[in-house]
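# Geometric and topological summary
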Amino acid sequence: MPHDALHEEARSDSSYMSEDKRGYRTREVDISMLKPASDDGVQLRLKGVDHSARPTWKLRETVTFYRDVLGLPLIHTISARGWGHPGHPDFLHFFFDAGNGATIAFFYYIGTDRPEKYMPEDSYFYSASHTAWSVDTAEELAQWKETLEGRGLTVSKFTKHEGLESIYFRDPNGYPLEVTRRLRDVEVIDAEDAALTIQAAIEIEDAAFAAGEKMRDIDTVWRRKAKLVEARVGDL
Amino acid sequence: MPRIHVVDVPEFRPVVDSAKARASDGYRVIGPRKGYFTIEKAGEMSFNRKDMKLPPAIWYGIFTGGLNGEISSFGREVVTIIGTNQPL
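Residue positions are given per chain, counting from 1 as you read along its sequence in written order. A letter from A marks each chain and a number from 1 marks each ligand, given out in the order of writing. Totals for whole chains, interfaces and linings use all residues, but because this is a predicted model, local features are given only for residues with pLDDT of at least 70 and pairs of side-chain atoms are given and counted only at 80 or more.

An unreviewed UniProt entry annotates chain A as Catechol 2,3-dioxygenase of Marinovum algicola.

Listed below in structure tokens is the structure:
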């Protein structure tokens, strides 16, 4: 299919559209058919997060936790009879102020039960989907930890990553939350290094998939990264 | 001969400093060149997490700058690498 045809198909009744005709079924999209930004030269810009949203089946607990325990103002609630689609449950969609123009939002689908697959899990895969809020200073991060513990929450130890220091806790839905502070500004070398790491990993993934295998370990990526870095820096 | 590359940012500077401090043990530090230090040593190379005061989250990404060698052991406190014939 030519590149342009993908979007034409998306506007029609093709299998590239979800049944509600409002989004791609990304699992069916061949990403190589999409156009890179460099083709049209349009530089799209974002200005940070407006909101993230998740479903909840615990209305009172969620409001109590975010508004009354964390102290995030409830700044907007939408209440509606579905979205006008047959079978869509009535719902509440409510937003808590997370600072700097960002909110954390929830959908409460009235009269529904939480499906098994939306139950919280103690797994790395599950915790990968999380919300991380930023604070400016070590003192503020420490205040968050001490204050939340004082309010009865279990909060993780301080964890220093590359460029970030964080604390972690969960909301009453089991959703993982993080408060983090930047330890330093991101430099040009960070982006250049990021590109090399991802290039190395994609090369290793391509080779593994071509052989009908999965990527084996990070060591393999690190070795390919060494090859890329040695090409960058030249003879030793 | 094992060789690692270390991106020139503060989090990983203790790795470079650790190698520089052990020049008499055969550790050779080159650079930084184009954003990377290179550390090499004949035979076996090792690093101690507590000596470098590396937080665990940095420790387990210690070779993110590139590993021209093979990890022979990787524990909570000590990592050892050796030369390898495996392709990069």
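Continuing now.
## A short note on the packing of helix α6 (residues 188–210) of chain A against helix α7 (residues 218–233) of chain A
Residues and elements named next belong to chain A. Closest axis-to-axis distance for the α6/α7 pair is 8 Å, and the angle between their directions is 120°. The angle between the axes of α6 and α7 places the two elements in the oblique class. As for the relative orientation of α6 and α7, their crossing is right-handed in sense. Contacts between α6 and α7 involve L196, T197, Q199, A200, A201, E203 and I204 from the former and T220, V221, R224, K225, L228 and V229 from the latter. Polar here means any residue outside two lists: the nonpolar Ala, Val, Leu, Ile, Met, Phe, Trp, Tyr, Cys and Pro, and the charged Asp, Glu, Lys and Arg; Gly therefore counts as polar. Within the contact of α6 with α7, the residues separate by chemical class into seven nonpolar, three polar and three charged. Axis definition: a line fitted to C-alpha atoms, over the contacting stretch in the case of helices. Angles run 0 to 180 degrees between N-to-C directions. Each helix corresponds to a stretch of at least 4 residues labelled H or I by DSSP, and each strand to a stretch of at least 2 residues labelled E; elements are numbered beginning at the N terminus. An angle below 35 degrees is read as roughly parallel, one above 145 as roughly antiparallel, one from 65 to 115 as roughly perpendicular, and any other as oblique. By convention, the crossing between two helices is left-handed when the near helix turns anticlockwise from the far helix through less than a right angle, and right-handed when the turn is clockwise. Contact definition: two residues whose C-beta atoms, as placed from backbone geometry, lie within 7 Å.

## Observations regarding the sheet that holds strand β5 (residues 67–68) of chain B
Residue and element names in this part refer to chain B. Two strands make a pair as long as DSSP finds a minimum of two bridges between them. Across the sheet, four strands lie side by side as β2-β3-β1-β5; this open sheet has antiparallel pairing. Unpaired on one side and paired on the other, β2 (28–33) and β5 mark the two borders of the sheet. Taken together, the four bridges between β2 and strand β3 (residues 36–40) define a ladder with antiparallel strand orientation. In the sheet register, I30 faces β3, and the bridge partner there is T38.

## Quick look at the sheet that holds strand β3 (residues 91–97) of chain A
Residue and element names in this part refer to chain A. Judged by pairing direction, the sheet is mixed, and its four strands sit side by side in the order β1-β4-β3-β2 without closing on themselves. What marks the edges here is a single partner per strand, and that holds for β1 (51–56) and β2 (74–80). Averaged over neighbouring strand pairs, the angle between their axes works out to 20° when direction is ignored. Summarising the sheet, β3 and strand β4 (residues 103–109) pair through seven bridges and their orientation is antiparallel. Residue pairing for β4: L92 is matched across the bridge by Y108.

## Examining the interface of chain A and chain B
Counting residues at the interface gives 22 residues for chain A and 25 residues for chain B. Counting residues per element, the ones that place at least two in the side of chain A that touches chain B are β6 (159–160), α6 and α7 of chain A. A per-class count over the side of chain A that touches chain B returns six nonpolar, three polar and 13 charged.

## Re unusual backbone geometry
Backbone torsion omega between B:G31 and B:P32 reads 15°, so that peptide bond is classified as cis. Summarising the element assignment, B:P32 is placed in strand β2. Even without being a glycine, A:N100 presents a positive backbone phi close to 60°. Position of A:N100 among the secondary structure elements: in the loop between β3 and β4.

## Some thoughts on the confidence of the model for chain A
Predictor confidence is given residue by residue as pLDDT, running from a minimum of 0 to a maximum of 100. Scored by pLDDT, chain A has a mean of 89; 88% of the residues are at 70 or more. Confidence over residues 1–17 of chain A falls short of pLDDT 50; this stretch has 17 contacts with residues more than four positions distant or in other chains.

## Describing helix α5 (residues 138–150) of chain A
For α5(A), spanning 13 residues, the distance from its first C-alpha to its last is 18 Å, which sits close to the expected 18 Å at 1.5 Å a residue. Backbone geometry just after α5(A) places A:G152 at a positive phi near 100°. Every helix has an expected span of 1.5 Å times one less than the residues it contains.

## Some thoughts on the UniProt feature "domain: VOC" (unreviewed entry) in chain A
Under the present numbering, the feature "domain: VOC" (unreviewed entry) in UniProt falls on residues 48–182 of chain A. Secondary structure content for residues 48–182 of chain A is 21% helix and 35% strand, and the end C-alpha separation is 15 Å. UniProt positions are given in the numbering used here, feature names are shortened, and annotations may be inferred rather than shown by experiment.

## Observations concerning the nonpolar core
To define a nonpolar core, we join buried Ala, Val, Leu, Ile, Met, Phe, Trp, Tyr and Cys residues through C-beta atoms within 7 Å and take the resulting set. With C-beta atoms placed from the backbone, the exposure class of a residue follows from how many other C-beta atoms lie within 10 Å of its own: 20 or more, buried; 12 or fewer, exposed; in between, partly exposed. Formed by 23 residues in total, the largest nonpolar core has its most connected members in B:V6, B:V15, B:I39 and B:L67. Secondary-structure elements contributing two or more residues to this core are α6 and α7 of chain A together with β1 (3–7), α1 (13–20), β3 and β4 (45–48) of chain B.

## Overview of the domain arrangement of chain A
Assigned domains within chain A: domain 1 (48–119), domain 2 (124–185) and domain 3 (188–233). Between the C-alpha centres of domain 2 of chain A and domain 3 of chain A the distance comes to 30 Å. For each domain, the first and last residues come from an automatic or database assignment.

## Quick notes on the pairing of β4(A)
As paired elements, β1(A) and β4(A) share six bridges and run parallel to each other. Within the sheet, the bridge partner assigned to A:H51 lies in β4(A) and is A:T103.

## Notes on α7(A)
Over its 16 residues, α7(A) runs 22 Å from end to end, which matches the ideal 22 Å to within 8%, given 1.5 Å per residue. Within the span of α7(A), buried status applies to A:T220, A:V221, A:W222, A:R223, A:R224, A:K225, A:A226 and A:V229. Here the buried face of α7(A) lies against α6 of chain A together with β1, β3 and β5 of chain B. With its phi angle positive at about 85°, A:G234 sits one or two positions after the end of α7(A).

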